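Chain by chain, the residues:
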Amino acid sequence: MKFVPEAYIMPPGTRPGNTKVPICENIPVIDLKADPTKLSHQIIDACKEFGFFQLINHGVPEKMLKDVLEVSEEYFKLPAEDKAIMYSDDISQSSRLYTSIDPMKEQTHYWRDALRHPCHPLEEHIQSWPQKPPQYREVMGPYSIEVWKVSLCLLDLISEGLGLEPNYFSHETEGFKVHVLSVNHYPACPDPSLTLGLPKHADVDILTILLQQMNGLQILKDGQWLAVEPLPNAFVVNIGHTLEIISNGELKSVEHRVVTNQKLGRTTISSFIFPSYSYQIEPAKVLIKNNSPPLYKAFIFKDFLATYVTDTCQRKPPLERYKLQA
Ligand code: OGA
Ligand code: NI
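Residues numbered from 1 in each chain as written. Chains lettered and ligands numbered in written order. Predicted model: local features only at pLDDT ≥ 70, side-chain atom pairs only at ≥ 80, totals over all residues. Heavy atoms only, no water.

### As for the pairing of strand β12 (residues 266–275)
(1) Moving on: The element β12 is extensively covered by neighbouring structure, given that 10 of its 10 residues are classed as buried.
(2) Moving on: Burial along β12 is two-sided: Arg266, Thr268, Ser270, Phe272 and Phe274 facing one way and Thr267, Ile269, Ser271, Ile273 and Pro275 facing the other are all buried.
(3) Moving on: Note that strand β5 (residues 177–186) and β12 share 10 bridges and pair antiparallel. By the bridge assignment, Val183 is partnered in β12 with Ile269.
(4) Moving on: Bridge count between strand β7 (residues 207–211) and β12: five bridges; the pairing is antiparallel. By the bridge assignment, Leu210 is partnered in β12 with Ser270. (Buried < 20%, exposed > 50% of the residue type's maximum accessible area, 1.4 Å probe, protein only. Helix = DSSP H or I, 4+ residues; strand = E, 2+ residues; numbered from the N terminus. Pairing = 2+ DSSP bridges.)

Have a look at this one:
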């Protein structure tokens, strides 16, 4: 492809343009094997200031990280008729391949294809995953279990650091947390200055664990875009809106976007840890005190998901309508 089709050209003002975005040099790096007495504070500090951190020594084997990225790349290289099996524009379908974000509704399309499916518990969902490449399920299954364990560990550290009850994220009935995996493919693009792989957004979930091995992710820090450089074998972790609300605004869900590359396609794997759809989200009771009143109303996660999508498409901040007057 030589030119960017009209439908993919971002409106002026939202284009990345040609100016070089500086690298985020001081993004916190959290070592999961470091002194456990300090870990939870390090994570809380990172989530307060950046909303993002790189996670190293997380225990997921290097070979597994390599294999999942490889099988993901292979998936997107399959012949169209193999990919057509899972293709769907129906956003209510939980396992599907689709393009951009919501091609039926959005005005401009994003330079991305995505394969999305639930993961936990594995035996309930694996049948809905692709059958090709033949090793997809074999490789992605154990990976999803490992990432799930990492997420539980991080949530325990976060709840400790915030001073929540010890099992705030794990005492709930089974099914409180949902793990949805999104395998993203951003093909090489003839003009990255005009397009975006994903628009400026913050994630709606509790926590996102991203595996990447190539540049493309940028975060908005103090009004400036900064590029997140991949560290070998690291995960990029970020806080979603749901955790910002539970923490009563202490932890930040920070906006980010994805830019495209002229020469190379980029494949990443996002693991979204959501609350269950019927879960009531509200600031944790222990964080509400006389001098810190709740900043957000309570609401059901499913309803938030719906308004999040409409607000984000209309470039409105999705937390605004849930804010209480302090
Ligand atoms: C996302 C996301 C970043 C990336 O999936 O929400 O921000 O680099 N992905 O793929
Ligand atoms: Ni995101």
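### What about the coordination of the nickel ion (ligand 2)?
(1) Moving on: Donor atoms from the polypeptide that coordinate the nickel ion (ligand 2) comprise His201 (NE2), Asp203 (OD) and His256 (NE2), at 2.1 Å from the metal.
(2) Moving on: Its relative accessible area of 5% is what places His256 among the buried residues. (Donors = N, O, S within 2.8 Å, 3.2 Å for Na, K, Ca; no water.)

### Some thoughts on the sheet that holds strand β6 (residues 198–201)
(1) Moving on: Spatial strand order, β6-β11-β8-β9: four strands in an open sheet with antiparallel pairing. A strand with exactly one partner marks an edge of an open sheet, and here the two such strands are β6 and β9 (224–227). Along the sheet, successive strands turn relative to each other by an average axial angle of 20°, direction set aside.
(2) Moving on: Pairing geometry for strand β8 (residues 217–221) and strand β11 (residues 256–258), over three bridges, is antiparallel. Its bridge partner being in β11, Gln218 is matched across the sheet by Arg257. (Axes fitted to C-alpha atoms, helices over the stretch in contact; angles between N-to-C directions.)

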